[in-house]
Amino acid sequence: MNIILLGPPGAGKGTQARRLAEERNMVQLSTGDMLRAARTSGTDMGKRVADVMDRGDLVTDEIVIGLIREQLTYDEPAGGYIFDGFPRTLAQADALGNLLTELGEGLDSVIEMKVDDEALVARITARSTCSNCGEVYNDQIKPIPADGVCTNCGEKAEFTRRADDNADALTTRLMAYYKQTSPLIGYYYARGDLTTVDGLASMDDVAGAIKAALA
Ligand code: AMP
């Protein structure tokens, strides 16, 4: 089963994608994680995208489609793929459709995670991530453990805030979402693939709603 998690920054796509990957033996493909990894390892591409990402703009379709193409070629789909943060433009959506067709695969479901802007700002400016496993924490609802041991991976870890999780970059990221990504809601709705879930519900309730959509 191949699915897309669609939603603005901070909607909880990464959290739900990790959960689905674990529960269903699926492969999570997050273009944001891939780009951050390219930056950390200092590749040419990583250096080229750094400023764009820090500003909150989208990197080029060519780069992200290339990243996804590499993964689809080399990764064996176990329970299938979860596309997290990809596609973000109509060109990426078309490219994904073509790549899946080339592999003899299809898209089974697109889950839109809906969250209002005010909640997104509150979530994003309060979030930090375990540098070991990527588990997401939130200053208000899920604070970093006092002993510094991640509740997910059990490792003593660093908890970092993303460079683009600040008010300025977030405004740009939200604009990019509404201008470039939200047209995908209509695109997938028209194909009959779209289910919308309330991203403001508790993590377990969102997971339940996604499970129901995939049943
Ligand atoms: P994310 O972790 O998904 O919020 O992505 C972080 C940043 O990486 C975004 O603000 C963009 O600059 C870039 N990015 C991630 N995925 C894409 C994509 N599919 N298309 C264009 N840019 C992307």
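Residues numbered from 1 in each chain as written. Predicted model: local features only at pLDDT ≥ 70, side-chain atom pairs only at ≥ 80, totals over all residues. Heavy atoms only, no water.

Caption draft 1: Region of the structure containing the packing of helix α5 (residues 90–102) against helix α8 (residues 183–190). At a minimum axis separation of 9 Å, α5 and α8 run at an interaxial angle of 35 degrees. Counted together, Leu90, Ala93 and Asp94 of α5 and Pro183, Leu184, Tyr187 and Tyr188 of α8 form the full contact between these two elements. (Axes fitted to C-alpha atoms, helices over the stretch in contact; angles between N-to-C directions. Helix = DSSP H or I, 4+ residues; strand = E, 2+ residues; numbered from the N terminus. Contact = heavy atoms within 4.5 Å.)

Caption draft 2: Representation of the site of the ligand within the structure. In the vicinity of the ligand, 16 residues are found, and the nearest of them are Thr31, Arg36, Asp57, Gly85 and Gln92. Contact distances for the ligand include 2.8 Å between a nitrogen atom and a side-chain N or O atom of Thr31. In the environment of the ligand, a nitrogen atom lies 3.1 Å from a nitrogen or oxygen atom belonging to the backbone of Val59. Coverage of the ligand by the protein amounts to 96% of the 480 Å² it exposes when considered alone. Ranked by residues supplied to the shell around the ligand, first place goes to helix α2 (residues 31–40) with four residues. (Near = heavy atom within 4 Å. Polar contact = N/O pair within 3.5 Å; in protein donor to acceptor, adjacent residues only side chain to side chain. Areas by Shrake-Rupley, 256 points an atom, 1.4 Å probe, with all protein chains shown as cover.)

Caption draft 3: Highlighting the pattern of salt bridges. With the rule as written, the count across this model stands at 12 salt bridges. Between Asp164 and Arg162 there is a salt bridge, with the nearest N and O atoms lying 3.0 Å from each other. In this structure Asp164 comes out as buried when scored by relative accessible area, which is 10%. Assessed through its relative accessible area of 23%, Arg162 is described here as partly exposed. In this structure, Arg173 and Asp164 form a salt bridge, with 3.7 Å as the shortest nitrogen-oxygen distance. As far as burial versus exposure is concerned, Arg173 and Asp164 are alike and both buried. (Salt bridge = Lys/Arg side-chain N within 4 Å of Asp/Glu carboxyl O. Buried < 20%, exposed > 50% of the residue type's maximum accessible area, 1.4 Å probe, protein only.)

Caption draft 4: Focus on the packing of aromatic side chains. In total, this model carries four aromatic pairs according to the counting rule given. Measuring from centroid to centroid gives 5.9 Å for Tyr81 and Phe83, while their planes differ by 40 degrees, and the two rings are tilted. Exposure remark for Tyr81: the relative accessible area of 1% places this residue in the buried category. Between the aromatic rings of Tyr177 and Tyr178, the centroid separation amounts to 5.5 Å while the plane-to-plane angle is 75 degrees, which identifies the pairing as edge-to-face. With a relative accessible area of 7%, Tyr177 lands in the buried category. When its relative accessible area of 40% is taken as the criterion, Tyr178 is described as partly exposed. The aromatic ring of Tyr137 is capped on one face by Lys142, whose charged end is 5.0 Å from the ring centroid. (Phe/Tyr/Trp six-rings, centres within 6.5 Å; stacked < 30°, edge-to-face > 60°. Lys NZ or Arg CZ within 6 Å of the ring centre and 35° of its normal.)

Caption draft 5: Looking closely at helix α3 (residues 44–55). Along α3, the residues classified as buried are Met45, Gly46, Val49, Ala50, Val52 and Met53. Gly56, located one to two residues past α3, shows a positive phi value of around 100 degrees.

Caption draft 6: Expanded view of the packing of α2 against α3. Contact pair α2 / α3: the axes reach a minimum separation of 8 Å and the direction vectors enclose 120 degrees. Here α3 runs oblique to α2, going by the angle between their axes. Crossing of α2 over α3 shows left-handed handedness. Residue-level contacts link Gly32, Leu35, Arg36, Ala38 and Arg39 of α2 to Met45, Gly46, Val49, Ala50, Met53 and Asp54 of α3. Tallied by class, the residues present in the contact of α2 with α3 amount to six nonpolar, two polar and three charged. (Parallel < 35°, antiparallel > 145°, perpendicular 65-115°, else oblique. Left-handed = near helix turned anticlockwise from the far one by under 90°. Nonpolar A, V, L, I, M, F, W, Y, C, P; charged D, E, K, R; others polar.)

Caption draft 7: Broad picture of unusual backbone geometry. The omega angle of the peptide bond from Phe86 to Pro87 is 0 degrees, so this bond is cis rather than trans. The topology assignment puts Pro87 in the loop between β3 (81–84) and α5. The phi torsion at Asn25 lies on the positive side, around 60 degrees, for a residue other than glycine. Residue placement: Asn25 occurs in the loop between α1 (13–24) and β2 (27–30).

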